[in-house]
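Summary of the model geometry
Spelled out from the first residue to the last, the chains are:
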Amino acid sequence: MGIDLGLFGLVLLLFAALFIGLYMIPIPLWIAAWASGAYVGLLSLIGMRFRRVPPGTVVTARISAVKAGLAISVNDLEAHFLAGGDVVRVVNALISADKANIPMPFKRAAAIDLAGRDVLEAVKMSVIPKVIETARIAAVAKDGIQLIAVSRVTVRTNIDRLVGGAGEQTIIARVGEGMVSTIGSAASHKEVLENPDHISKNILSRGLDAGTAYEILSIDIADVDVGANIGAKLQIDQANADKQIAQAKAEERRAMAVALEQEMRARVVEAEAEVPRAMADAFRRGNLGIMDYYRMKNVQADTDMRGAIASDVTSADGTPEALQPRGGHP
């Protein structure tokens with residue numbers, strides 16, 4: 001029994017050693033690389049294990065590159081993986097670029113990948129241009145009519161400016177700015193509706209793809225709709241504002257007139273208060289006789305009567321209030 005346990009332990013130890021040996025020394029990968037013509041040294045494969053680089057990823061990428069006729073060293077692939085890049089995607093992008101006759105060295109592809117851009121998608125966009133559709137952009141012509149336009153921008157990747165170049169959002173913003181400027185400089189909205197291609201030509205002539213990671217191939221106006229009459233709305237708003245200003249100034253003048261009227265009334269009351277004093281002084285000096293006083297009182301009473309008649313309110317049956325019977329008796 002003791003012999004059987006010892007033999008079992010020995011077999012288990014041999015299997016563990018064989019597993020560790022095959023893991024540390026990837027013989028199948030070494031044979032595959034040698035058979036594919038993309039030879040990788042056995043010591044290099046063992047060193048990848050110690051450096052925590054998956055040999056299968058590096059060997060597979062190298063075999064693909066060699067079969068495509070690209071000379072990429074194992075050290076470059078391993079260094080790119082250790083830097084955090086996608087080795088397989090970079091190699092596939094290099095193969096696609098080589099088949100499409102697009103010059104792209106490994107260092108540039110690695111830099112694009114490490115910059116966070118999809119290098120394979122960039123190569124595909126160089127071969128098959130991408131169409132970017134802008135949102136509905138509103139602009140106003142000189143005649144005050146609003147136009148709402150939608151454009152389609154066809155771009156392809158500029159490999160040389162992919163690192164450090166602006167992205168799609170910059171292209172969309174510049175195209176929108178060019179559309180607003182072109183429509184705004186038109187004398188009439190009818191000119192834009194008759195020749196929408198003028199918008200495309202004007203935008204393309206400005207070189208909007210400068211400093212971006214893309215090259216603009218064409219700008220096509222997909223749709224142009226007529227919006228609101230902004231000029232008329234602005235004139236209405238201005239007229240309402242002028243009206244409110246005029247009303248405010250008129251109210252100011254009315255208030256000043258009312259204040260002046262009250263001031264004049266106060267002066268009249270003040271002057272009337274001096275009349276009795278002046279009359280008394282005239283009596284003392286003999287300048288006013290008793291008959292003059294009575295005649296003045298008669299004139300004052302007549303004036304008061306005329307004022308009362310003029311201020312009477314007409315009743316419901318058309319009879320002035322002053323002529324209606326008093327106390328309920330006819």
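Heads up: these notes are all about the structure in this document. (Residues numbered from 1 in each chain as written. Predicted model: local features only at pLDDT ≥ 70, side-chain atom pairs only at ≥ 80, totals over all residues. Heavy atoms only, no water.)

**Brief notes about the overall build of the protein**
To be explicit about the condition: Here a strand is any run of E in DSSP of at least two residues, a helix any run of H or I of at least four, and the numbering for each starts at the N terminus. With a 1.4 Å probe rolled over the protein chains alone, any residue whose accessible area is under 20% of its type maximum counts as buried; one over 50% counts as exposed, and the rest are partly exposed. Pairs of residues are marked as contacts when any of their non-hydrogen atoms sit within 4.5 Å. Surface exposure here means Shrake-Rupley accessible area, sampled with a 1.4 Å probe, where a residue is shielded only by the protein chains that are shown.
Scanning the protein from terminus to terminus reveals 14 helices and 4 strands. Buried residues in the protein amount to 28% of all 330 residues. Nonlocal contacts in the protein, meaning residues at least 24 apart in sequence, comprise 65% of its contacts between residues at least 6 apart. Counting every atom, the protein has about 21200 Å² of accessible surface; 59% of that belongs to carbon and sulfur.

**Quick word on the side chain of Ser-126**
The criterion, for reference: Definition of a polar contact: a pair of N or O atoms within 3.5 Å, with one able to donate and the other able to accept a hydrogen when the atoms are protein atoms, and with sequence-neighbouring residues admitted only if both atoms are side-chain atoms.
Residue position: Ser-126 is located in helix H8 (residues 119-127). Of the residues examined, Ser-126 reaches a relative accessible area of 15% and is grouped as buried. A polar side-chain atom of Ser-126 sits 3.3 Å from the main-chain carbonyl oxygen of Thr-157.

**Examining unusual backbone geometry**
At Asn-101, a position not held by glycine, the phi torsion is positive, near 60°. Relative to the helices and strands, Asn-101 resides in the loop between helix H6 (87-99) and helix H7 (106-114). Residue Asn-101 is classed as exposed on the basis of its relative accessible area, which comes to 69%.

**As for a nonpolar patch on the surface**
Put simply, the test is: In this scheme, patches are assembled from residues that exceed 30% relative accessible area and form no salt bridge. Like charges are connected within 9 Å, while nonpolar side chains (Val, Leu, Ile, Met, Phe, Trp, Tyr) are connected within 5 Å. Any Lys or Arg side-chain nitrogen located within 4 Å of an Asp or Glu carboxyl oxygen qualifies as a salt bridge.
A surface patch of nonpolar side chains, amounting to about 420 Å² of accessible area, comprises Ile-27, Ile-31, Trp-34 and Tyr-39. By the element assignment, Ile-31 lies in helix H2 (residues 27-35). Looking at Ile-31, the relative accessible area reads 41%, which means it is partly exposed.

**Observations concerning helix H9 (residues 168-184)**
Because each turn of an α-helix spans 3.6 residues, side chains separated by three or four positions in sequence point in the same direction. This is how the line gets drawn: Expected span of a helix, by definition, is 1.5 Å for each gap between consecutive residues, and there is one gap fewer than residues. In this description, one arc is meant: the one made by directions from the helix axis to the C-beta atoms.
Here H9 is 17 residues long and its end C-alpha atoms lie 24 Å apart, about the 24 Å a rise of 1.5 Å per residue gives. Of all the positions in H9, only Ile-171, Val-175, Gly-176, Gly-178, Met-179, Thr-182 and Ile-183 are classed as buried. Across the axial projection of H9, the buried residues extend over an arc of 160°, all falling on one side. Away from its buried face, by an angle of more than 90 degrees, H9 presents the exposed residues Gln-169 and Glu-177. Summarising the contacts, the buried residues of H9 are in contact with strand E2 (137-140), strand E3 (145-157), helix H10 (189-194), helix H11 (197-204) and strand E4 (214-229).

**Some words on the pairing of E3**
The two faces of a sheet get side chains in turn, since along a regular strand they alternate between them. Rule in force here: Two strands qualify as a pair provided that DSSP identifies no fewer than 2 bridges between them.
Taking burial as the measure, the 13 residues of E3 include 11 buried ones, the bulk of the element. Two strands pair when backbone bridges link them, and E2 and E3 are joined in this way by 4 bridges, in the antiparallel orientation. By the bridge assignment for E3, Val-140 is matched with Gln-146. Taking the residues between adjacent antiparallel strands as the criterion, E2 and E3 are bridged by 4 residues, where Gly-144 takes a positive phi near 90°. Alignment of E3 against E4, held across 12 bridges, turns out to be antiparallel. Looking at the pairing, Val-150 lines up with Asp-223 of E4.

**Some details on the pattern of salt bridges**
Under the defined criterion, the tally for this structure stands at 11 salt bridges. Its salt-bridge partner being Asp-225, residue Arg-136 comes within 3.5 Å of it at the nearest N-O pair. In this pair, Arg-136 sits in the loop between strand E1 (130-133) and E2 while Asp-225 sits in strand E4, placing the two residues 89 residues apart along the sequence. The class for Asp-225 is partly exposed, based on a relative accessible area of 26%. Through salt bridges with shared partners, a single network forms among Asp-86, Arg-89 and Asp-118.

**So, helix H5 (residues 74-82)**
Taken residue by residue, H5 has Val-74, Leu-77, Glu-78 and His-80 as its buried positions. For H5, the arc enclosing every buried residue in end-on projection is 160°, short of the 170-degree limit, so these residues lie on one face. Residues of H5 that are buried make contact with helix H3 (42-50), helix H4 (55-67), H6 and H7. A positive phi of about 100° marks Gly-84, the residue just after H5.

**Observations regarding the nonpolar core**
The condition is simple: Definition used in this section: a nonpolar core is a set of buried Ala, Val, Leu, Ile, Met, Phe, Trp, Tyr and Cys residues joined via side-chain atoms within 4.5 Å.
Counting 57 residues, the largest nonpolar core has Ile-72, Leu-77, Val-91, Leu-94, Met-104, Val-155 and Val-175 as the members making the most contacts within it. At 7 residues, H6 tops the list of elements feeding residues into this core. Not counting chain neighbours up to four residues away, the residues in contact with Leu-77 comprise Val-58, Ala-61, Arg-62, Ile-72, Val-87, Val-91 and Phe-106.

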